[in-house]
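So the chains spell out like this:
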Amino acid sequence: MLTSSTFGIHLRGSSCSKINIFGYSNNGLPGIEILGLGRKGRPLKEKFIYLFRSQRRSIPLKRFVIVIEGYESSKKCQWDNFRWLELPIYLLLCSLCKFIPIQRLDNCLAV
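Only a predicted model underlies this, so the values are computations on that prediction, with no experimental measurement involved.

**Student:** Explain the overall build of the protein chain to me, please; I cannot follow it from the model alone.
**Tutor:** Along the protein chain, the regular secondary structure elements total three helices and five strands. The secondary structure elements of the protein chain, listed N-terminal to C-terminal, are β-β-β-α-β-α-α-β. Buried positions account for 36% of the 111 residues belonging to the protein chain. Pairs at least 24 residues apart make up 73% of the contacts formed inside the protein chain by residues separated by at least 6 positions. Total accessible area on the protein chain is roughly 7,000 Å²; 53% of this is exposed by carbon and sulfur atoms.

**Student:** Where do I start with the nonpolar core in this structure?
**Tutor:** Of all hydrophobic cores here, the largest spans 22 residues; its most connected members are Ile-21, Ile-34, Leu-37, Ile-66, Ile-68, Ile-89 and Leu-93. Breaking this core down by element, the ones donating at least two residues are β2 (15–26), β3 (31–35), α1 (41–54), β4 (63–69) and α3 (86–96). In terms of residues, this core owes the most to one element, α3, which gives six residues.

**Student:** Teacher, can you tell me more about the environment of Glu-69 here?
**Tutor:** Checked against the element boundaries, Glu-69 lands in strand β4. Residues Glu-69 and Gly-36, 33 residues apart in the sequence, show an inter-C-alpha distance of 6.6 Å. Ignoring sequence-local partners within four residues, the contact set of Glu-69 consists of Ile-19, Asn-20 and Phe-22. A distance of 2.7 Å separates polar atoms of two side chains, one belonging to Glu-69 and the other to Asn-20.

About the cut-offs
Residues numbered from 1 in each chain as written. Predicted model: local features only at pLDDT ≥ 70, side-chain atom pairs only at ≥ 80, totals over all residues. Heavy atoms only, no water. Helix = DSSP H or I, 4+ residues; strand = E, 2+ residues; numbered from the N terminus. Buried < 20%, exposed > 50% of the residue type's maximum accessible area, 1.4 Å probe, protein only. Contact = heavy atoms within 4.5 Å. Areas by Shrake-Rupley, 256 points an atom, 1.4 Å probe, with all protein chains shown as cover. Core = buried A, V, L, I, M, F, W, Y, C linked by side-chain atoms within 4.5 Å. Polar contact = N/O pair within 3.5 Å; in protein donor to acceptor, adjacent residues only side chain to side chain.

What follows is the structure, given as structure tokens:
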């Protein structure tokens, strides 16, 4: 099992908060899961799959789980508030799929 984590920034108006994002991959049922965003995780997952296919990259036959911690009130937020988390989630997923040669993302802050 491969695990990794990173940090993202959530900006809302004039305030910002640091969001912990971690993920793991194992040999379970193949697929990608994004937890912690509610219904807004599915379009993000489909966007990442589209990006991988457009780059002609094949996703390994593993189960990838990405968890966004400490993100309260995801039901009340609009889609524009989630855009700040797309890059850190994408980098973490690429790292878990071994598309980028970065071993550790736990000391990174992506905005």
